[in-house]
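Residue-level listing of the chains:
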Amino acid sequence: WQSQKGKGIWMSVILRPDVPPYEAPQFTLVAAVAIAKGIEDVAGIRPQIKWPNDLLIDGFKITGILTELQADPDRVNALIMGIGINVNHTMDDFPEEIHGIATSLKLQTGREVDRAVLIARILYYLEYYSNQYIKEGFPSIKKEWESYSCTIGQTIKVTTLTEVFYGKAVAITNDGVLKVQLPDGETKSVYSADIELKKD
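About the criteria used
Residues numbered from 1 in each chain as written. Predicted model: local features only at pLDDT ≥ 70, side-chain atom pairs only at ≥ 80, totals over all residues. Heavy atoms only, no water. Axes fitted to C-alpha atoms, helices over the stretch in contact; angles between N-to-C directions. Helix = DSSP H or I, 4+ residues; strand = E, 2+ residues; numbered from the N terminus. Parallel < 35°, antiparallel > 145°, perpendicular 65-115°, else oblique. Left-handed = near helix turned anticlockwise from the far one by under 90°. Contact = heavy atoms within 4.5 Å. Core = buried A, V, L, I, M, F, W, Y, C linked by side-chain atoms within 4.5 Å. Buried < 20%, exposed > 50% of the residue type's maximum accessible area, 1.4 Å probe, protein only. Phe/Tyr/Trp six-rings, centres within 6.5 Å; stacked < 30°, edge-to-face > 60°.

### As for the packing of helix H1 (residues 26-43) against helix H4 (residues 139-148)
- Relative to each other, H1 and H4 sit at 60°, their axes nearing to 10 Å. Relative to H4, the element H1 is oriented oblique. Considering the relative orientation of H1 and H4, their crossing is left-handed. Facing H1, whose interface residues are Leu29, Val30, Val33, Ala36, Lys37 and Glu40, H4 presents Ile141, Glu144, Trp145 and Tyr148.

Below you can see the structure in the form of structure tokens.
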């Protein structure tokens with residue numbers, strides 16, 4: 001991640017939710033909704049979520065989320081959530097090799113965004129949606145996630161640790177698992193992968 005001083009937001013947030021370890025990956029989806037809402041409130045522009053951990057504007061990456069887990073077999077001790085957001089970058093701040101894939105809030109809106117205000121808003125929503133998840137589970141947040149999604153309904157390339165395949169993203173489950181329909185009609189469940197939206 002290109003981290004020019006004073007231009008973006010790069011932060012780690014520690015969460016200690018009282019949930020079993022198998023639910024931890026869903027907090028990446030919860031965080032994506034919180035960040036999208038914060039950006040929309042503060043910058044006045046609506047990002048899209050690319051499952052599982054990127055936010056895009058007009059197809060260009062603006063945010064990445066990386067979640068690490070510290071856990072015992074039966075409980076989460078801590079989730080360390082790394083969040084990177086391109087805020088006040090100009091195109092000259094990006095190396096040439098990512099000019100075709102990266103953008104910033106300033107490039108998209110034409111004005112600078114107060115990073116402290118944006119961080120405060122994101123943390124507000126992160127607390128709000130994390131508490132909602134703990135009380136009600138992911139289904140209560142799923143509609144919000146879907147409203148920001150640029151993945152569902154798209155043809156995608158899926159790269160897992162063991163295979164690469166193409167298909168159509170048709171849904172996410174109540175557990176945050178991506179359902180991908182293959183060309184032969186079979187539907188695969190994708191728990192963890194890098195995905196690439198196929199350009200028309």
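### Some points on the nonpolar core
- By size, the foremost hydrophobic cluster in this structure holds 54 residues, and its most contacted members are Ile39, Trp51, Leu55, Leu105 and Leu118.
- It is H1 that provides the largest number of residues to this core, a total of twelve residues.
- With sequence-adjacent residues up to four places away left out, Leu118 is seen in contact with Ile9, Gly38, Ile39, Val42, Val87, Leu105 and Val113.

### Here's the deal with the side chain of Ser130
- Here Ser130 shows up in helix H3 (residues 115-136).
- Other than its neighbours up to four places away in sequence, Ser130 contacts Leu15, Phe27 and Val30.

### Focus: the packing of aromatic side chains
- Taken as a whole and judged by the stated rule, the model has five aromatic pairs.
- Relative to Tyr128, the ring of Tyr124 has its centre 6.5 Å away and its plane inclined at 20°; by these criteria the two rings are stacked. Taken as a pair, Tyr124 and Tyr128 lie in helix H3 at a separation of four residues, close to a single helical turn.
- Judged by its relative accessible area of 43%, Tyr128 is partly exposed.
- Seen in terms of ring centroids, Tyr125 and Tyr129 are 6.1 Å apart; in terms of plane orientation they differ by 25°. Their pairing is stacked. One end of the pair is Tyr125 and the other is Tyr129, both in helix H3 and four residues apart, which spans about a single turn. Side by side, Tyr125 and Tyr129 carry an identical accessibility label, which is buried.
- What links up through ring pairs into an aromatic cluster is the set Tyr124, Tyr125, Tyr128 and Tyr129.

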